[in-house]
Amino acid sequence: CLWVRNLTFKKRLPGPFAWPLVGNAMQLGQMPHITFSKLAKKYGNVYQIRLGRNDIVVLNGDAAIRKALIQHSTEFAGRPNFVSFQMISGGRSVTFNNYSKQWRMHRKIAQSTLRAFSMANSQTKRTFEQHVIGEAMDLVQKFLRLSADGRHFNPSHDFTVAAANVICALCFGKRYGHDDPEFRTLLKRVEKFGETVGAGSLVDVMPWLQSFPNPVRSVYQNFKTINEEFFAYVKDKVVQHRDTYDPDVTRDMSDAIIGAIEHGKESTLTKDFVEATVTDLIGAGQDTMSTVMQWMLLLLVKHPSIQTKLQEEIDKTVGRDRLPSIEDRSNLAYLDAFIYETMRFTSFVPVTIPHSTTADVTIEGLHIPKDTVVFINQWSVNHDPQKWHDPHIFNPSRFLDDTGALDKDLTNGVMIFSTGKRRCIGAQIAKVEVFLFSAILLHQCSFESNPSQDLSMDCSYGLTLKPLHYTVTAKLRGKLFGLVS
Ligand code: HEM
C-alpha cells in the first residue's frame, strides 16, 4: 500500500537534534553559511534544521543545489510567507512574494522592462553605459576630494549612492547625485535592510520574540519603518509619472512599467504593482552593487601587486587617452577574472533569499513536503574543495586558461546570482556595472590602504556579507579624464 511505499522509499531528512522552542537557532553562530557547510559534512548536502516553529531544509554543494533549482525549478520557486516579506514594497514585491500565476506575470514584466532599458539593443546599451560611466567619474572625483592631503576615507556609502543613481536614472530618468541629503539619508537607512531578511534572521521564524522588549523587536520595528519610508519615496515619484503619463512617449522605466501593468492587454495586475516593481528594482540593485564594490576595493588595497597588474592590463588595452568602455571587456580578461574571484572568494550573498517548496518534492532520495522553507547555501558552492583548488585562497588567475583567456566553464561555476526560476534578474546589468566601475576607478586612480588600520576580511552577516569599516586613500593616475589637465 501507499503508506508502506512511503516508508520504504522516503528517507527521513537527516539533521541535528532540535531543542524545544528555539530549535537550532542557538547553533547558527555569527556566520550561518559556515555552520551550514560544517553540518553538511556530517549530515550530507541536503538536511533539515529547525528554527523556532519552522522546519527548514538546507541545500549545500554544487550538485544538490543545481539539481534542486534547475531540475525541480518550479517546486523550489516559492517564497515563505514570512511576516517581514509582506512589509516590503507595500506587500506586492516580486522578490519576496510566493510563486503563483500572478507572480510569474509580475516577474516577466520586471525582467523585460529591465532588459529593454539596459541590454535590448545597441542604443539602450549605449545609454545605460553612459549612465554608469557618468556615475563612475563622479565617484572618481568624490574619492579624490576625500583623499585630499593624504586623508583616508570609507567608500561604502558613496558606492551605495552611485549604484542607486544608476538604477534611479533608468527608473525616473533622473539621478540624485552624491549631495542630495534626502536621498543619501534614505539610502543610509535602507542599508540595514539585509539584516532582517537574510537566512538565519530570527524575527520571522520566532515571531513571539516580537512581543518582548528586546533587540529583535527593535530590528523588526525598524524594518517596517524603513520599508514604509522607502516605498513612500518611490511611490511619490511613480504617482508624478502616472499623472503625466503619455502612452506615445516612454520617458523611462517607470513609464514602461505603468504601460505594461496599467495599460497592457494581458496584465491582470493592479496599479499598486507599479510602485512595488520600481521599489524592488531600486532596492535590489544598490545594496548588492555597493557591497561587491566595497569588497573589490578592499581586495585591491590588500593585494597591491594584483592592483598593479590590473592597471597594466587596462593601460595596455585602453591607453591613457580615453576611458575604458564596455567594448574593452573582451580584452580585459584579468579584470573579469578579478571580478569573478571577488564574487567567489567573498560569496557576499552567502545564502539566497529564503525559498519555499511549491509542491512535495524528492531530492537525493529525500522527501521534502510542500511549503517547506529552503535555505540555499551559495557560499558552499564557491568553496567546494571538489570544485576549486585551494578555495580559501584569493587568486584571480584561477579563471584564466593557458592562453590568458577567461575560462567560461569556471566562471559559470561561481554562484552569486542563484539559479533557476528565482535567479537574479539584474545579473546582466550588475556584471556590466561592476566591470565599468572597476575599470574606470583603476584607470583613473591608485588606491592604498590606511597604514594605521589592519586590513581584515572580517565581515558582518545579513543578506549580504559586508566588510567591516575600513578606509583607503586614492591617488590620481595622470590626468583626470574629462577635465582640463
Ligand atoms: C534576486 C544577487 C544585483 C534585481 C537576487 C538573488 C540573489 C541576487 C542571490 C536571490 C535569488 C534567489 O532567491 O534564489 C544579486 C547580486 C547582485 C544583484 C550578487 C549584484 C552584484 C541586482 C540588480 C537588480 C537585481 C542590479 C536590479 C536592478 C533582483 C530581483 C530579484 C533578485 C528583482 C528577485 C528575483 C525573484 O525573486 O524572482 N539577486 N543581485 N539584482 N535580484 Fe539581484
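Residues numbered from 1 in each chain as written. Predicted model: local features only at pLDDT ≥ 70, side-chain atom pairs only at ≥ 80, totals over all residues. Heavy atoms only, no water.

Observations concerning the overall build of the protein chain
The helix and strand tally for the protein chain stands at 16 helices and 10 strands. Here the C-alpha radius of gyration of the protein chain, 23 Å, is about what a compact globule of 485 residues would show, namely 23 Å. Considered along the principal axes of its C-alpha atoms, the protein chain spans approximately 80 × 55 × 50 Å. Out of the 485 residues belonging to the protein chain, those deemed buried represent 55%. Look at the contacts in the protein chain between residues 6 or more apart in sequence, and 74% of them connect residues 24 or more apart. Surface summary for the protein chain: the accessible area is close to 21,500 Å², and the carbon and sulfur share equals 53%. Seen as two clouds, the 56 positive and the 49 negative side-chain charges of the protein chain have centres 5 Å apart. (Helix = DSSP H or I, 4+ residues; strand = E, 2+ residues; numbered from the N terminus. Rg over C-alpha atoms; globule rule 2.2 N^0.38 Å. Buried < 20%, exposed > 50% of the residue type's maximum accessible area, 1.4 Å probe, protein only. Contact = heavy atoms within 4.5 Å. Areas by Shrake-Rupley, 256 points an atom, 1.4 Å probe, with all protein chains shown as cover. Lys, Arg positive; Asp, Glu negative; His and termini not counted. Charge placed at Lys NZ, Arg CZ, Asp CG, Glu CD.)

Section: unusual backbone geometry
Although it is not a glycine, Asp371 adopts a positive phi angle of roughly 65 degrees. Of note, Asp371 is situated in the loop between β5 (366-368) and β6 (373-376). A relative accessible area of 52% means that Asp371 is categorised as exposed. Although it is not a glycine, Asp390 adopts a positive phi angle of roughly 45 degrees. By the element assignment, Asp390 lies in the loop between α14 (378-382) and α15 (408-412).

A short note on the packing of aromatic side chains
Taken as a whole, this structure holds 13 aromatic pairs when the rule is applied. Each ring, one from Phe17 and one from Trp19, has its centre 5.1 Å from the other, and the planes form 85 degrees; the classification is edge-to-face. On the numbers, 6.3 Å between centres and 50 degrees between planes, the contact of Tyr43 with Tyr47 is tilted. Given a relative accessible area of 22%, Tyr43 falls into the partly exposed group. The exposure class assigned to Tyr47 is buried, which follows from its relative accessible area of 0%. Here the aromatic cluster, defined as three or more aromatic residues joined through ring pairs, consists of Phe143, Phe153, Phe159 and Phe447. The ring of Tyr233 carries Lys237 above its face, with NZ or CZ at 4.2 Å from the centroid. (Phe/Tyr/Trp six-rings, centres within 6.5 Å; stacked < 30°, edge-to-face > 60°. Lys NZ or Arg CZ within 6 Å of the ring centre and 35° of its normal.)

Describing the coordination of the iron atom of the ligand
Protein coordination of the iron atom of the ligand is limited to a single donor, Cys424 (SG), positioned at 2.3 Å. Of note, Cys424 is situated in the loop between α15 and α16 (427-444). (Donors = N, O, S within 2.8 Å, 3.2 Å for Na, K, Ca; no water.)

Points about the site of the ligand
Around the ligand, a shell composed of 26 residues is seen, among which Arg79, Arg107, His355, Ser418 and Cys424 lie nearest. At 2.6 Å, a side-chain N or O of Ser418 approaches an oxygen atom of the ligand. In terms of residues, the shell around the ligand owes the most to one element, helix α11 (residues 272-302), which gives four residues. Here the shell around the ligand is built from residues that sort into 15 nonpolar, eight polar and three charged. (Near = heavy atom within 4 Å. Polar contact = N/O pair within 3.5 Å; in protein donor to acceptor, adjacent residues only side chain to side chain. Nonpolar A, V, L, I, M, F, W, Y, C, P; charged D, E, K, R; others polar.)

Digging into the sheet that holds strand β3 (residues 355-356)
The strand order across the open sheet formed by four strands is β1-β2-β6-β3, and the pairing between neighbours is mixed. Edge positions in the sheet fall to β1 (46-51) and β3, since each has one partner strand and no second. Across two bridges, the pairing between β3 and β6 is antiparallel. Its bridge partner lying in β6, Ser356 is registered against Val373. Contacts from helix α2 (residues 32-43) reach β1, β2 (54-59) and β6, with the element oriented near 125 degrees to β1. (Pairing = 2+ DSSP bridges. Axes fitted to C-alpha atoms, helices over the stretch in contact; angles between N-to-C directions.)

Looking at helix α12 (residues 304-318)
An α-helical turn contains 3.6 residues, so a residue and the one three or four places further along point in the same direction. For α12, with 15 residues, the first-to-last C-alpha span of 21 Å sits near the 21 Å given by 1.5 Å per residue. Where α12 is concerned, the buried positions are Ile306, Gln307, Leu310, Gln311, Glu313, Ile314 and Val318. Along the long axis of α12, the arc covered by the buried residues comes to 160 degrees, so they all point the same way. In α12, the exposed positions that point more than 90 degrees away from the buried face belong to Ser305, Glu312 and Lys316. Buried residues along α12 sit against α11, α13 (333-346), α16 and β7 (445-449). Remark: Gly319 follows α12 within two positions and exhibits a positive phi of approximately 80 degrees. (Expected span 1.5 Å × (residues − 1). Arc of directions from axis to C-beta.)

Description of the confidence of the model for the protein chain
When the pLDDT values of the protein chain are averaged, the result is 91; 93% of them are 70 or greater. Every residue in residues 4-9 is under pLDDT 50, and counting partners more than four places away or in other chains gives two contacts. Scoring the predicted complex yields pTM 0.94 and, for the interface, ipTM 0.99. (pLDDT = per-residue confidence, 0-100.)

Describing the nonpolar core
Counting residues in each nonpolar core, the largest one holds 123 residues, and the members touching the most others are Ile49, Ile282, Leu335, Phe338, Met343, Phe437 and Phe447. Among the elements that take part in this core, α11 stands out by supplying 15 residues, more than any other. Once residues lying within four places of it in the same chain are set aside, the contact partners of Ile282 are Ile167, Cys168, Cys171, Phe172, Phe230 and Val234. (Core = buried A, V, L, I, M, F, W, Y, C linked by side-chain atoms within 4.5 Å.)

Points about the packing of α12 against α13
Axis separation between α12 and α13 bottoms out at 8 Å; the angle between their running directions is 140 degrees. One element, α12, and the other, α13, form an angle in the oblique class. Along its contact with α12, which presents Ile306, Lys309, Leu310, Glu313 and Ile314, the element α13 presents Ala333, Tyr334, Leu335 and Phe338. For the contact of α12 with α13, a count of residues per class yields seven nonpolar, no polar and two charged. (Parallel < 35°, antiparallel > 145°, perpendicular 65-115°, else oblique.)

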